[in-house]
Amino acid sequence: MSRHERIKIAPSILSADFARLGEQVAEAEKAGADCLHVDVMDGRFVPPITFGPIIVEAIRPHTSLPLEIHMMVESPERHFEQLRDAGADRIIVHQEASAHLHLAMGQIRDLGMESGVAVNPGTSLSAVEDVISDMDLLLVMTVNPGWGGQPLIPSMVDKIGRARAMLNGANRAAATLEVDGGIKADNARLVVDAGASQLVAGSAVYNDSVSVAHALARIRAAASPP
């Protein structure tokens, strides 16, 4: 990523107040978020159960921002069409959960959405080398998936750098390199300097300490080159 490009921020609604979800989604858009990150968990690939197409459909009228769906589920391909119909713009599948990753990415694109691939902290980047040309986004998990509020795993910063080198080396510098897990104002610049172009932030955006607007402004200021 060029140091002159604007850093993109994707608030994760997993940390939002579900009692006023529409309002919190609208707050993020007004505050300058670039897209919204929706974590779908099935209780099998990861222990928690969150939400699915019904929630995507419910928040779609409250924002014009792109909705990216992070599929932490087994057999994610069963839900692609439903999510598209609910208003999803991008679907991110886990390498670890997709037995036929190349096929799944093609299905996503055939449905008119962007395709992304996520890799867990313990998964080598070599596992996705053969599908780089088919992805619009590579998501490097900097925590083990399933729960919000975890601290960023320090060793993942080097992995972000290797992911950037891998994308650049494959002439895929334009693909989004997203980082998810423990992102806050005090480490945003670290991961951006390593090569990230989009940051997922949950508890750092949605919390009881500061407004969504103030939280997003702090992260963007911290992450942006001088």
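Structure shown above.
Remember, predicted model here, so these are calculated numbers, not experimental data.

K.L.:
Got a minute to help me understand the packing of aromatic side chains in this structure?
P.N.:
Think of a pair of aromatic rings as described by two things: how far the centres are apart, and how the planes are tilted against each other in angle. Applying the stated criterion across every chain yields a total of 1 aromatic pair. On the numbers, 5.6 Å between centres and 65° between planes, the contact of F18 with F51 is edge-to-face. Taken together, the positions of F18 in the loop between β1 (8-11) and α1 (21-30) and F51 in the loop between β2 (36-41) and α2 (53-59) put the pair 33 residues apart, joining distant regions of the chain. With relative accessibility at 47%, the residue F18 sits in the partly exposed group.

K.L.:
Looking at this model, I keep getting lost on the sheet that holds β1. Mind explaining?
P.N.:
Strand pairing in a sheet is mediated by backbone hydrogen bonds. Such pairs are either parallel or antiparallel. Pairing is parallel across the open sheet formed by 8 strands, whose spatial order is β1-β8-β7-β6-β5-β4-β3-β2. Both edges of this open sheet fall to β1 and β2, since each of them pairs with a single strand only. The mean angle between the axes of side-by-side strands here comes to 25°, regardless of whether they run parallel or antiparallel. In this structure, strand β7 (residues 176-180) lies alongside strand β8 (residues 198-201), joined through 3 bridges in parallel fashion.

K.L.:
When you look at the pairing of strand β4 (residues 90-94) in this model, what are you seeing that I'm missing?
P.N.:
Two faces, one strand: in a regular strand the side chains alternate between the faces of the sheet. Most of β4 sits inside the fold, with 5 of its 5 residues counted as buried. Where burial is concerned, the two faces of β4 agree: the one with R90, I92 and H94 and the one with I91 and V93 are both buried. For strand β3 (residues 67-72) and β4, the ladder comprises 4 bridges, and the chain directions are parallel. Bridge pairing in β4 places H70 opposite I92. Handedness of the β-α-β unit built from β3, helix α3 (residues 80-86) and β4 comes out right-handed. Inspection of the sheet shows β4 paired to strand β5 (residues 114-119) by 5 bridges, in the parallel sense.

K.L.:
Where do I start with helix α4 (residues 101-110) in this structure?
P.N.:
Side chains of residues three or four places apart in an α-helix project in the same direction, reflecting 3.6 residues per turn. Taken residue by residue, α4 has L101, A104, M105 and I108 as its buried positions. In an axial view of α4, the angular spread of the buried residues amounts to 100°, which keeps them on one side of the axis. For α4, the secondary structure elements touched by its buried residues are α3, β4 and β5. Note on α4: the residue one or two positions beyond its end, G112, has a positive phi of about 90°.

K.L.:
Even after reading the chapter, I still don't get empty space enclosed by the protein, so can you show me in this structure?
P.N.:
This structure, assessed with the given rule, holds 1 cavity of 30 Å³ or more. Taken as a whole, the largest cavity spans an internal volume of roughly 250 Å³. W147, G148, G149, D180 and G181 are the residues nearest the centre of the largest cavity, which is lined by 25 residues in total. Of all the secondary-structure elements, those providing two or more residues to the lining of the largest cavity are β2 and β8. Across the lining of the largest cavity, the residue classes tally to 11 nonpolar, 11 polar and 3 charged.

K.L.:
Help me out: how do you make sense of the nonpolar core in this one?
P.N.:
With 63 residues, the main nonpolar core has I13, I69, I91, V128, L138 and L199 as its most contacted residues. The element best represented in this core is helix α5 (residues 156-169), accounting for 5 residues. Not counting the four nearest positions on each side in its chain, I69 is found in contact with V38, V40, V56, L83, A88, R90, I91 and I92. Listed in part, the 6 residues of the second largest apolar core include I92, L137, L139 and M141.

Parameters at a glance
Residues numbered from 1 in each chain as written. Predicted model: local features only at pLDDT ≥ 70, side-chain atom pairs only at ≥ 80, totals over all residues. Heavy atoms only, no water. Phe/Tyr/Trp six-rings, centres within 6.5 Å; stacked < 30°, edge-to-face > 60°. Helix = DSSP H or I, 4+ residues; strand = E, 2+ residues; numbered from the N terminus. Buried < 20%, exposed > 50% of the residue type's maximum accessible area, 1.4 Å probe, protein only. Pairing = 2+ DSSP bridges. Axes fitted to C-alpha atoms, helices over the stretch in contact; angles between N-to-C directions. Right-handed = clockwise from strand over helix to strand, strands pointing away. Arc of directions from axis to C-beta. Contact = heavy atoms within 4.5 Å. 1 Å grid on protein atoms, 1.4 Å probe; cavity = no way out; pocket = protein on both sides within 12 Å on 5 of 7 lines; lining within 4 Å. Points joined across faces, edges and corners; volume = space filled by probe spheres on them. Nonpolar A, V, L, I, M, F, W, Y, C, P; charged D, E, K, R; others polar. Core = buried A, V, L, I, M, F, W, Y, C linked by side-chain atoms within 4.5 Å.

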